[in-house]
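# A closer look at the structure
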Amino acid sequence: DLVNAQQARRILDRIVGYQLSPLLWRKIRRGLSAGRVQSVATRLVVEREEEIRAFQPQEYWSIQADLGRVRPNLGGFQAMFHGREKKMELHSEAEADAVIQAVSGQPFTVSKVKRQDKLRNPAPPFTTSTLQQEASRKLNMTPARTMSIAQQLYEGVDITGEGTVGLITYMRTDSLRVSDDALAAARDYIGGRFGNDYLPAKPRHYKTKKNAQDAHEAVRPTNPLLDPESIRSSLSADQYKLYKLIWDRFMASLMANCVQNTSQVDILAGDYLFKASGYSVKFDGHTVLYVEGRDEEKDSETGGPLPLLAVGDVLIKRELKGNQHFTQPPPRFTEATLIKTLEENGIGRPSTYAPTIGTILAREYIEREGK
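Residues numbered from 1 in each chain as written. Predicted model: local features only at pLDDT ≥ 70, side-chain atom pairs only at ≥ 80, totals over all residues. Heavy atoms only, no water.

## Observations concerning the side chain of Thr341
Its location among the elements puts Thr341 in helix 8 (residues 335-344). Assessed through its relative accessible area of 17%, Thr341 is described here as buried. In this view, Thr341 contacts Leu44 and Phe333; residues no more than four positions away in its chain are not counted. (Helix = DSSP H or I, 4+ residues; strand = E, 2+ residues; numbered from the N terminus. Buried < 20%, exposed > 50% of the residue type's maximum accessible area, 1.4 Å probe, protein only. Contact = heavy atoms within 4.5 Å.)

This is the structure:
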């Protein structure tokens, strides 16, 4: 099957790359190219751009209530309009004003309080794809730059007093496997530096995706005891940043869960329901070292801790205001989200993401604007 897969790729390369590239040279301009992976990556960007151009924004409104406890020493908090039993959509200022009028003279009363502990798992160690995505989000590095610096860290860096040391495992991989030796060394380090509370009872093992080629381990520090600060003077600025990202992510992936105290409160005002939610960190766990980056900030009503509220509490209404919003088109790709989409659709291999994006940028099929 593996041989047949390789043959199929070779035939596709000949049909797509060999046949179409010369056509592009003749009809458009010399130096252009088509390919089994680059053409699909270009198509993804084109389709997203068409979606953005065809997008019609829709108006919607939200209503925010600034509330407080009767005792003045307790801080205020925000609750958002929900509707009745089901969520109500507000499509215009008139609809929002009607709700504000209806609840203006009503008492705001707590009808339900739900508190629970929520566990946040750490992110797994890096694969090629997640390393390129996270370096793009957090360090603003292009995939090509990330791979070039990772190559330097893999091949070896002169460390004062140690000689040339290969600092990370092979950086072209889609496996999440970690060797038992590295696991044991990392757990010893975590226990020594952070204390046993930060170690899960059993070592963590991550499941590799079904179609991954498991030839190499996850991308991790070769020696977990070499923390980034101890070798910073031997590394260039970019080498240090990337090594720290890989080291932090690997160590955090083996640490205990973060525990959050979450509260969700339902508040009734006349016939209408408002909801407030918030959380506080009970135990920081792996987040003491590393928090995974996000592509788009999610609109979340979850903020800091809420005051201690009980069912039946009557609240003071400080302010009630309607806010106008418009639905947004899907965002353009960043290098991180394009790599993620290629990987999710099984297009290309870990070793091809960076060169593919480099190629379609160089051919001017796509252009980079900011990120």
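## Remarks on the pairing of strand 9 (residues 314-326)
Pairing analysis gives ten bridges linking strand 1 (residues 59-68) to strand 9, with the strands arranged antiparallel. Note that in strand 9 the partner of Gln64 across the bridge is Lys321. Of the pairings in the sheet, the one linking strand 3 (residues 108-120) to strand 9 comprises two bridges and is antiparallel in character. Across the sheet, the residue bridging to Thr109 is Val314, located in strand 9. (Pairing = 2+ DSSP bridges.)

## Comments concerning helix 8
With seven of its ten residues buried, helix 8 lies for the most part within the structure. Of all the positions in helix 8, only Glu335, Ala336, Thr337, Leu338, Ile339, Thr341 and Leu342 are classed as buried. Elements in contact with the buried residues of helix 8: helix 2 (38-54), helix 4 (128-139), helix 5 (143-155) and helix 9 (353-362). Positive phi shows up at Gly346, right after helix 8, with a value of about 65°.

## Quick notes on the pattern of salt bridges
Using the criterion set out here, one finds 18 salt bridges in the structure. With a closest N to O distance of 3.8 Å, Lys209 and Glu343 form a salt bridge. Of this pair, Lys209 sits in the loop between helix 6 (180-194) and helix 7 (237-253) while Glu343 is found in helix 8, placing the two residues 134 residues apart along the sequence. Residues joined in a network through salt bridges with shared partners are Glu49, Arg332 and Glu369. (Salt bridge = Lys/Arg side-chain N within 4 Å of Asp/Glu carboxyl O.)

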